[in-house]
Amino acid sequence: DQQVKQNSPSLSVQEGRISILNCDYTNSMFDYFLWYKKYPAEGPTFLISISSIKDKNEDGRFTVFLNKSAKHLSLHIVPSQPGDSAVYFCAVSGSRLTFGEGTQLTVNP
Amino acid sequence: DAGITQSPRHKVTETGTPVTLRCHQTENHRYMYWYRQDPGHGLRLIHYSYGVKDTDKGEVSDGYSVSRSKTEDFLLTLESATSSQTSVYFCAIRGTGGVSPLHFGNGTRLTVT
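Residues numbered from 1 in each chain as written. Chains lettered and ligands numbered in written order. Predicted model: local features only at pLDDT ≥ 70, side-chain atom pairs only at ≥ 80, totals over all residues. Heavy atoms only, no water.

### Some remarks on the overall build of chain A
Scanning chain A from terminus to terminus reveals zero helices and 11 strands. Ordering the α and β elements of chain A from the N terminus gives β-β-β-β-β-β-β-β-β-β-β. The C-alpha radius of gyration of chain A comes to 13 Å, within 12% of the 13 Å expected for a compact globule of 109 residues. Its C-alpha atoms give chain A principal-axis dimensions of about 40 × 25 × 20 Å. A burial count over chain A gives 45% of its 109 residues as buried. As displayed, chain A offers around 5,300 Å² of accessible surface, 49% of which is attributable to carbon and sulfur atoms. Averaging the coordinates of the 10 positive side-chain charges in chain A and doing the same for the 10 negative ones gives two points 2 Å apart. (Helix = DSSP H or I, 4+ residues; strand = E, 2+ residues; numbered from the N terminus. Rg over C-alpha atoms; globule rule 2.2 N^0.38 Å. Buried < 20%, exposed > 50% of the residue type's maximum accessible area, 1.4 Å probe, protein only. Areas by Shrake-Rupley, 256 points an atom, 1.4 Å probe, with all protein chains shown as cover. Lys, Arg positive; Asp, Glu negative; His and termini not counted. Charge placed at Lys NZ, Arg CZ, Asp CG, Glu CD.)

### Points about the side chain of B:Ser49
Residues and elements named next belong to chain B. As for its placement among the helices and strands, Ser 49 is situated in strand 5 (residues 42–51). Given the relative accessible area of 0%, Ser 49 is considered buried. Among the polar contacts made by the side chain of Ser 49, one reaches the side chain of Arg 68 at a distance of 2.9 Å. With sequence-adjacent residues up to four places away left out, Ser 49 is seen in contact with Arg 30, Tyr 31, Met 32, Asp 54, Thr 55, Arg 68 and Phe 74. (Polar contact = N/O pair within 3.5 Å; in protein donor to acceptor, adjacent residues only side chain to side chain. Contact = heavy atoms within 4.5 Å.)

### Digging into unusual backbone geometry
With an omega of -10°, the peptide bond between A:Val78 and A:Pro79 qualifies as cis. When you line up the elements, A:Pro79 lands in the loop between strand 8 (72–77) and strand 9 (86–93). Of note, the amide linkage connecting B:Ser7 to B:Pro8 takes the cis form, showing an omega dihedral of -10°. Relative to the helices and strands, B:Pro8 resides in the loop between strand 1 (4–7) and strand 2 (10–13). A positive phi angle, close to 50°, is found at A:Lys71, a residue other than glycine.

### A few points about a nonpolar patch on the surface
Residues and elements named next belong to chain A. Nonpolar side chains collect at one region of the surface, where Ile 18, Ile 20 and Val 78 lie side by side and expose about 230 Å² of accessible area between them. Note on placement: Ile 18 falls in the loop between strand 2 (10–14) and strand 3 (19–25). Take Ile 18: its relative accessible area is 40%, and that puts it in the partly exposed class. (Patch = residues over 30% accessible without salt bridge, like charges linked within 9 Å, V, L, I, M, F, W, Y side chains within 5 Å. Salt bridge = Lys/Arg side-chain N within 4 Å of Asp/Glu carboxyl O.)

### Considering the state of the cysteines
Residue and element names in this part refer to chain A. Counted by the stated rule, this structure contains two disulfides over all chains. Between Cys 23 and Cys 90 runs a disulfide, and the two sulfur atoms are separated by 2.0 Å. Here the disulfide of Cys 23 and Cys 90 is right-handed, its torsion about the S-S bond being about 65°. Of this pair, Cys 23 sits in strand 3 while Cys 90 sits in strand 9, and the two are 67 residues apart along the sequence. Looking at Cys 23, the relative accessible area reads 0%, which means it is buried. A relative accessible area of 0% means that Cys 90 is categorised as buried. (Disulfide = S-S within 2.5 Å.)

### Focus on the interface of chain B and chain A
Contacts between the two partners involve 19 residues from chain B and, on the opposite side, 16 residues from chain A. Summed over both sides, the interface of chain B with chain A buries roughly 1,400 Å², with 63% coming from carbon and sulfur. Across the chain B-chain A interface, the total number found is zero salt bridges. Here chain B and chain A share five residue pairs in polar contact (both at pLDDT 80 or more) between them. Looking at the side of chain B that touches chain A, the elements with two or more residues in it are strand 4 (31–38) and strand 5 of chain B. Per-element accounting of the side of chain B that touches chain A gives the leading share, four residues, to strand 5 of chain B. Of the residues assigned to the side of chain B that touches chain A, the class counts are nine nonpolar, seven polar and three charged. (Buried area = accessible area lost by both parts, 1.4 Å probe. Nonpolar A, V, L, I, M, F, W, Y, C, P; charged D, E, K, R; others polar.)

Here it is in structure tokens:
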């Protein structure tokens, strides 16, 4: 029973363009949503979050959008930089944190 | 970085042997977690702790046990390792302020041959 799905295992974009990573969830009771970034041989690091009472949260180049009616979460990175190349996990918070499968983002110079 | 240290960073062991992974934190956080990361599955919760001697199961707890005798240490034990437990294991900690994000250690890569 996959409560959180990231349907794109990988995404490749050009430096300077926008990266859009997507995440779908099944339970409308989730109240907090997060994105983590992971580099090889390191642990995931927290990137940005959004509460269910909002539909957008922005932090510098990173913006998270929440569409509650569609149960859809997205992360926009603009402009994308080569250093953004990493695996991105979305996570949803109910009684505990549940992670998606991850999307490998590659930003090409 | 949050003060989390996982040991060992790498381990190779044989099927049927016991294995213990250690997570040590210097943040005095109440909550500690063990996750495993596998391709196509993301991060899955094994066990977590909400205080000394207080632990509970996650979604993939079969074959694993945990112990927390001190605030700073959370141990994950594989009583009899199997090849399906080959994975990267991450420890995470969380404070108690509202919805605090998890902070992860750098992981332990375990290979069971």
